[in-house]
Amino acid sequence: MAGPVPLRPDLTVLSGYHSPQVEVEVRLNTNESPLPPPPEWLDELRDELGRIDFNRYPDRDATALRAALAEFHGTDPARVFCANGSNEVLQCLLLAYGGAGRVAALFEPTYALHSHIASVTATKVVRGWRGPDHRVDLEVLDRVIDEAQPVVTFLCSPNNPTGRAESPEVVAHVLERAPGLVVVDEAYGQFSPWSALDLMHSGVTGVERLVVVRTFSKTWSMAACRLGYLVADPAVVGACETVVLPYHLDAMTQAAGRLALRHVDAMEARVALITEERGRIASALAELALESWPSAANFILFRPSARAATDVWQDLLGASVLVRDCSSWPGLDNCLRVTVGTTEENDRFLAALGASLDASRR
Ligand code: PMP
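Quick notes on the rules
Residues numbered from 1 in each chain as written. Predicted model: local features only at pLDDT ≥ 70, side-chain atom pairs only at ≥ 80, totals over all residues. Heavy atoms only, no water. Helix = DSSP H or I, 4+ residues; strand = E, 2+ residues; numbered from the N terminus. Rg over C-alpha atoms; globule rule 2.2 N^0.38 Å. Buried < 20%, exposed > 50% of the residue type's maximum accessible area, 1.4 Å probe, protein only. Contact = heavy atoms within 4.5 Å. Areas by Shrake-Rupley, 256 points an atom, 1.4 Å probe, with all protein chains shown as cover. Lys, Arg positive; Asp, Glu negative; His and termini not counted. Charge placed at Lys NZ, Arg CZ, Asp CG, Glu CD. Phe/Tyr/Trp six-rings, centres within 6.5 Å; stacked < 30°, edge-to-face > 60°. Lys NZ or Arg CZ within 6 Å of the ring centre and 35° of its normal. Domains from an automatic or database assignment. Buried area = accessible area lost by both parts, 1.4 Å probe. Salt bridge = Lys/Arg side-chain N within 4 Å of Asp/Glu carboxyl O. Pairing = 2+ DSSP bridges. Right-handed = clockwise from strand over helix to strand, strands pointing away. Expected span 1.5 Å × (residues − 1). Near = heavy atom within 4 Å. Polar contact = N/O pair within 3.5 Å; in protein donor to acceptor, adjacent residues only side chain to side chain. Nonpolar A, V, L, I, M, F, W, Y, C, P; charged D, E, K, R; others polar. Axes fitted to C-alpha atoms, helices over the stretch in contact; angles between N-to-C directions. Parallel < 35°, antiparallel > 145°, perpendicular 65-115°, else oblique. Left-handed = near helix turned anticlockwise from the far one by under 90°. 1 Å grid on protein atoms, 1.4 Å probe; cavity = no way out; pocket = protein on both sides within 12 Å on 5 of 7 lines; lining within 4 Å. Points joined across faces, edges and corners; volume = space filled by probe spheres on them.

Asks: Where do I start with the overall build of the chain in this structure?
Replies: What the chain contains, in helices and strands, is twelve helices and 13 strands. The C-alpha radius of gyration computed for the chain amounts to 21 Å, which stays within 12% of the reference 21 Å derived for 362 residues, consistent with globular compactness. In terms of overall dimensions, the chain has a C-alpha envelope of 60 × 60 × 55 Å along the principal axes. Relative to its 362 residues, the chain shows a buried fraction of 55%. Residue pairs in contact within the chain that sit at least 24 positions apart in sequence constitute 75% of those at least 6 positions apart. With an accessible surface of roughly 16100 Å², the chain has 53% of that area assigned to carbon and sulfur atoms. Positive and negative charge centroids in the chain, built from 32 and 46 side chains respectively, lie 3 Å apart.

The structure is reproduced here in structure tokens:
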């Protein structure tokens, strides 16, 4: 064959998922925690690194980490699977259950990686669209599920990028209606008033097909570590273990996650602070008469109505404040998404936003 080796044909339409990583003073574009993990955690991790046998492969089953997570959630370690970020957890689920001839259903606008990973794993994606207020419309949902018979149905709660948490009734409804796994991505779960984990031990129909996915990247302030996990029926854990690479989760990450779970109080304090700041930003956006949607996460989606979102994004960048420009995403016409930062960062964002809107009124 002459010339470059052709890519798998079904991949050529996919472009990668990127948020521009521009050097700025205030980074509010990727929903990370603005605060570092507690210093005690770092001290403990340093000590732990000295005890790792670096010449040996890590514990393939991540036994201690899974035990700690199981204890944290009041469940069995056999129901916990860990991987390099929740993205790898999602990838394992789709490698195990998706693939050619199988369908994943999702409700847009939602987290772009659900459809992206499905496509990379050759899983067909069937989409339903949310209503104008970004709620999942149960009629649409029923139609999509009945027609597509998906092997995986994704819900994202709170939903990235819209911020809304699904209600327990919606999750229970999907469990009853969908034939396959119901994957509830709770990357922002701790900011939300309830978790699908609460349903795990309920008698809800189909609960054995419920998969809850979580991450250490947001509330645990550990995006650099790449650690995510799922809680589900042991058969789902077994399926993920079948497809994941051996020794995929390194010893340092396993230790980092296990030690983080000793600092639940510090994590909860950060969540409380960010939740309070979220309320402050929401009020400020309302005062600026901008359309925004109620958020149960650490970000807010808003629409700078009178101005082009890309112009506002550019003005903010000019003030060294980076937010996410979602305006070209389907269903998110003229929308921007701002991650809740520290009080000072949020002040910088609000001042820059106010200035941008003022300049356009002159
Ligand atoms: N799910 C959702 C909804 C997200 O927003 C993100 C991060 N943007 C992830 C999963 C992936 O997180 P990570 O791989 O860092 O755990």
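Asks: Got a minute to help me understand the packing of aromatic side chains in this structure?
Replies: One pair of aromatic rings is described through two measures. These are the centre distance and the angle between the planes. If you walk through the whole model with that rule in mind, you get six aromatic pairs. Considering the side-chain rings of Tyr 57 and Tyr 247, the 4.3 Å spacing of their centres and the 10° angle between planes classify their relative orientation as stacked. Here Tyr 57 is found in the loop between α1 (39-49) and α2 (63-73), whereas its partner Tyr 247 is found in the loop between α8 (234-243) and α9 (251-260), with 190 residues between them in sequence. Overall, Tyr 57 belongs to the exposed group, its relative accessible area being 65%. Consider the rings of Phe 302 and Phe 349, whose centres lie 5.9 Å apart with planes at 65°: the pair is edge-to-face. Placement of Phe 302 in strand β10 (residues 299-303) and of Phe 349 in helix α12 (residues 343-361) is noted, with a sequence separation of 47 residues between them. Accessibility expressed as a relative area gives 0% for Phe 349, which makes it buried. A network of ring pairs unites the aromatic residues Phe 72, Phe 216, Trp 220 and Tyr 229 as a single cluster. One cation-aromatic arrangement involves Arg 60 over Tyr 247; the distance from NZ or CZ to the ring centre is 5.5 Å.

Asks: Teacher, can you tell me more about the domain arrangement of the chain here?
Replies: How big an interface is tends to be stated in terms of accessible area lost as the parts join. Considered domain by domain, the chain is made up of domain 1 (26-37 + 265-361) and domain 2 (57-262). Computed from C-alpha coordinates alone, the two centres of domain 1 and domain 2 are separated by 26 Å. With 26 residues of domain 1 at the contact, the number on the domain 2 side is 25 residues. In total, domain 1 and domain 2 occlude about 1900 Å² of area from one another, counting both sides; carbon and sulfur atoms represent 64% of this. The largest share of the area that domain 1 buries against domain 2 comes from Met 267, Trp 293 and Ala 296, three residues that together contribute 27% of it. Counting across the interface, domain 1 meets domain 2 through zero salt bridges.

Asks: Is there a simple way to think about the pairing of strand β3 (residues 103-108) in this case?
Replies: Regular strands place their side chains on alternate faces of the sheet. For β3, the tally of buried residues reaches six of six residues, placing the bulk of the element in the interior. Residues Val 103, Ala 105 and Phe 107 of β3 are buried on one face, and the alternating residues Ala 104, Leu 106 and Glu 108, pointing to the opposite face, are buried as well. Relative to strand β4 (residues 124-129), β3 runs parallel, the two being bridged by six bridges. The residue of β4 that forms the bridge with Phe 107 is Gly 128. Read as a crossover between parallel neighbours, the route from β3 over helix α4 (residues 112-120) to β4 is right-handed.

Asks: I'm lost on helix α3 (residues 85-97) in this one. Help?
Replies: If you check α3, its first and last C-alpha atoms are 19 Å apart, about what 13 residues at 1.5 Å a residue would give, namely 18 Å. Positive backbone phi, at 105°, marks Gly 99, one or two positions downstream of α3.

Asks: What is the right way to look at the site of the ligand in this model?
Replies: The local shell around the ligand holds 13 residues, among which Ser 86, Asp 185, Tyr 188, Thr 215 and Ser 217 are the closest. Ser 86 places a main-chain nitrogen or oxygen 2.6 Å from an oxygen atom of the ligand. A distance of 2.7 Å separates an oxygen atom of the ligand from a polar atom in the side chain of Arg 226. About the coverage of the ligand: the protein hides 93% of its 400 Å² of free accessible area. A per-element tally of the shell around the ligand places α3 first, with three residues. Taken together, the residues of the shell around the ligand break down into four nonpolar, six polar and three charged.

Asks: Which parts of the structure should I look at to understand the packing of helix α5 (residues 138-148) against helix α6 (residues 168-177)?
Replies: The packing of two helices is summarised by the inter-axis angle and the distance between the axes. Direction vectors running N to C along α5 and α6 enclose 25°, while the axes themselves pass 11 Å from each other. Relative to α6, the element α5 is oriented roughly parallel. Relative to α6, α5 is oriented so that their crossing is right-handed. Residues Leu 138, Leu 141, Asp 142, Ile 145 and Asp 146 of α5 form the contact with α6, whose participating residues are Val 170, His 173, Val 174 and Arg 177. Taken together, the residues of the contact of α5 with α6 sort by class into five nonpolar, one polar and three charged.

Asks: Hey, could you run me through empty space enclosed by the protein in this one?
Replies: The gaps of empty space that remain are located by a probe, the size of a water molecule, rolled over the atoms. Applying the stated rule across the entire model yields one cavity of 30 Å³ or more. A volume near 40 Å³ is recorded for the largest cavity. Together, Pro 37, Pro 38, Trp 41, Trp 220, Met 222, Ala 260, His 263, Met 267 and Arg 270 line the largest cavity. When its residues are assigned to classes, the lining of the largest cavity shows seven nonpolar, one polar and one charged.

Asks: Mind showing me how you'd approach the sheet that holds strand β9 (residues 291-292) here?
Replies: Across a sheet, strands are paired by hydrogen bonds formed along the backbone, either parallel or antiparallel in direction. The four strands are arranged β9-β10-β13-β12 in an open sheet whose pairing can be described as antiparallel. Every other strand in the sheet has two partners, leaving β9 and β12 (324-325) as the edge strands with one partner each. Packing against the sheet, helix α10 (residues 264-287) makes contact with β9, β10 and β13 (336-339), and its axis sits at approximately 10° to β10.

Asks: Sorry if this is basic, but what is going on with α12 here?
Replies: Residues three or four positions apart in an α-helix share a direction because the helix packs 3.6 residues into each turn. Taking 1.5 Å as the rise per residue, α12 with 19 residues should run 27 Å; its terminal C-alpha atoms sit 27 Å apart, in good agreement. Those residues of α12 not exposed but buried are Glu 345, Asn 346, Phe 349, Leu 350, Ala 352, Leu 353, Gly 354, Ser 356 and Leu 357. Buried residues in α12 make contact with β1 (26-27), α10, β10, α11 (309-318), β11 (321-322) and β13.

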